[in-house]
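What the coordinates show
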Protein chains: 2
Amino acid sequence: MAANSKFAIAIHTMGVLAYMGERHVSSELIATSVSTNPVVIRRIIRKFVTAGLVSVRMGTGGGATLRRPATEISLFDIHSAIEDDRLFQVPHLASDHECPVGRFVRPVLAKVFGGLEVELKSHLQGISLKDVMDEVASEISAEKCSATKNEE
Amino acid sequence: MAANSKFAIAIHTMGVLAYMGERHVSSELIATSVSTNPVVIRRIIRKFVTAGLVSVRMGTGGGATLRRPATEISLFDIHSAIEDDRLFQVPHLASDHECPVGRFVRPVLAKVFGGLEVELKSHLQGISLKDVMDEVASEISAEKCSATKNEE
DNA sequence: GAGTATGTAACTAATGTTGTTACATACTTA
DNA sequence: TAAGTATGTAACAACATTAGTTACATACTC
């Protein structure tokens, strides 16, 4: 599987929770939808719990559910719950570096990248989990429609 | 060194080229400024050459130079020269997936992430290498200024 | 108490990045 | 033409990250 698919898996996971509404969903079931191992899902869900997005119940009939309606969960909430490090890394260079460029490029880059992340953040904040799932739902119903056609 | 510092190293490299103006700069010298190995720099510069941003000369007095003024090179040019894969990966799932969510989340995500990259791209296009180096230059002169003060 | 579900440690495998050595190739200059 | 300089590139090691897996303790329901 590809490199930084964590975000995709995370949204997919939250999508299943949104789709299932009030019901508690097991990591087993989500793993089937995502095509991965239940432990991978549990690791991600742990982070959602920490971030207050999801609550979890053990035992029979247990599993995870959203703590807020999908309209009140943005992709930014999801992203910041799982992604701890920066999008672009700016390795630290000694501030007594011989080369003047080497001494000062990095702080400037940190500023530039910071701007990028603000941009990214505001974009992600504008998209709710519900928005995503509405699109998914419309694709699902489109499929049903064409399936009906084929049955004719 | 940190994970995805490629972009930072790439801008740093281009920054040194911009700083040195017409002169041809060796990978050796750039590596010193970036604090890495010359081969690492050559690998990155190869990509800039392919992208048409930089030209290179072998032999005595050789090295790399910008092919365009720094005002006409954007951070997007640099980013797309070195970064071949997508910012966020959307692993492919079978389209005959049992779970309806599993079947359709991914294409929707591809669309969402596509939007993100367009956003990112336009932001990066708005920043020229010159913009970055102007900030670096002002930091350098600020340093000189305070150094003079200390000598008093 | 039986059954179910999460929490988590430990390990493997795959991948990607960075760093390094070594050497072939190309070019400049004396 | 020979010496010196710089890139091009292959090959490999070191390291970090991610994903996948097994195993088992813990918590909860009925």
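A brief look at the structure comes next. (Residues numbered from 1 in each chain as written. Chains lettered and ligands numbered in written order. Predicted model: local features only at pLDDT ≥ 70, side-chain atom pairs only at ≥ 80, totals over all residues. Heavy atoms only, no water.)

**Some words on the pairing of strand S1 (residues 54–57) of chain A**
Residues and elements named next belong to chain A. The sheet contact formed by S1 and strand S2 (residues 63–66) spans four bridges and is antiparallel. Following the sheet pairing, Val54 is matched in S2 by Leu66. Linking S1 back to S2 in an antiparallel pair, the connection comprises five residues, with Gly59 at a positive phi of about 80°. (Pairing = 2+ DSSP bridges. Helix = DSSP H or I, 4+ residues; strand = E, 2+ residues; numbered from the N terminus.)

**Remarks on the protein's contact with DNA strand D**
Ser5 and Thr36 of chain A together with Ser27, Arg46 and Met58 of chain B are the nearest of the 26 residues found near DNA strand D. Each atom of DNA strand D within 4 Å of the protein belongs either to a base or to sugar and phosphate, the latter forming 60%. Arg43 of chain B is positioned such that a nitrogen or oxygen atom in its side chain is 3.4 Å from a base nitrogen of DNA strand D. Between DNA strand D and Gly59 of chain B there is a distance of 3.2 Å, counted from a sugar or linking oxygen to a backbone nitrogen or oxygen. The dominant element in the surface near DNA strand D, judged by the number of residues it contributes, is helix H3 (residues 38–50) of chain B, at four residues. Residues of the surface near DNA strand D, tallied by class, amount to nine nonpolar, 11 polar and six charged. (Near = heavy atom within 4 Å. Polar contact = N/O pair within 3.5 Å; in protein donor to acceptor, adjacent residues only side chain to side chain. Nonpolar A, V, L, I, M, F, W, Y, C, P; charged D, E, K, R; others polar.)

**Observations concerning the packing of helix H1 (residues 6–20) of chain B against H3 of chain B**
Residue and element names in this part refer to chain B. Look at H1 against H3: their axes get within 10 Å of each other, and the N-to-C directions meet at 80°. When the axis of H1 is compared with that of H3, the two are roughly perpendicular. Along its contact with H1, which presents Ile9, Ala10, Thr13 and Met14, the element H3 presents Ile41, Ile44, Ile45 and Phe48. (Axes fitted to C-alpha atoms, helices over the stretch in contact; angles between N-to-C directions. Parallel < 35°, antiparallel > 145°, perpendicular 65-115°, else oblique. Contact = heavy atoms within 4.5 Å.)

**Points about the interface of chain B and chain A**
With 55 residues of chain B at the contact, the number on the chain A side is 55 residues. Interface area for chain B against chain A, summed over the two sides, is near 4,700 Å², with a carbon-plus-sulfur share of 72%. For the pair chain B and chain A, the number of links is two salt bridges. Here Glu135 of chain B ties to Lys111 of chain A by a salt bridge, and the two come within 2.7 Å at their closest N and O atoms. Summed over the shared surface of chain B and chain A, the result is eight residue pairs in polar contact (both at pLDDT 80 or more). For the side of chain B that touches chain A, the elements supplying multiple residues, two or more each, are H1, helix H2 (27–34), helix H4 (75–82), helix H5 (100–125) and helix H6 (129–151) of chain B. Here the side of chain B that touches chain A takes 18 residues from H5 of chain B, the largest share from any one element. (Buried area = accessible area lost by both parts, 1.4 Å probe. Salt bridge = Lys/Arg side-chain N within 4 Å of Asp/Glu carboxyl O.)

**Re unusual backbone geometry**
Most peptide bonds adopt trans geometry, and most residues besides glycine take a negative phi value. All names here are of chain A. Even without glycine at this site, Ser35 takes up a positive phi of about 65°. Within the secondary structure, Ser35 is located in the loop between helix H2 (27–34) and helix H3 (38–50). The partly exposed category is assigned to Ser35, whose relative accessible area is 40%. (Buried < 20%, exposed > 50% of the residue type's maximum accessible area, 1.4 Å probe, protein only.)

**Some points on the relation of the copies chain B and chain A**
Expressed as a screw operation, the relation of chain B to chain A combines 0.0 Å of axial shift with a rotation of 180°, fitting to an RMSD of 0.0 Å. Put plainly, the chains are arranged around a two-fold axis. Minimal C-alpha separation from the rotation axis in chain B is found for Leu120 of chain B, amounting to 3.6 Å. Most of the interface of chain B is mirrored in chain A, where 100% of its interface residues are also at the interface. (Least-squares fit on C-alpha atoms with pLDDT ≥ 70 in both.)

**Remarks on the packing of helix H4 (residues 75–82) of chain A against helix H5 (residues 100–125) of chain A**
Residues and elements named next belong to chain A. It is the contact of H4 with H5, at a shortest axis distance of 6 Å, that shows an interaxial angle of 125°. Viewed along their axes, H4 and H5 adopt a mutual orientation that is oblique. Where H4 abuts H5, its residues Leu75, Phe76 and His79 lie against Lys121, Leu124 and Gln125. Among the residues forming the contact of H4 with H5, the class breakdown is three nonpolar, two polar and one charged.

**Quick notes on the protein's contact with DNA strand C**
Every one of the 26 residues lining DNA strand C counts as a neighbour, but Ser27, Arg46 and Met58 of chain A together with Ser5 and Thr36 of chain B are closest to it. Across the atoms of DNA strand C situated within 4 Å of the protein, the share located in sugar and phosphate is 59%. Between DNA strand C and Arg42 of chain A, the relevant distance is 3.1 Å, taken from a base nitrogen to a side-chain nitrogen or oxygen of the residue. Within the contact set of DNA strand C, a sugar or linking oxygen lies 3.2 Å away from a backbone nitrogen or oxygen of Gly59 of chain A.

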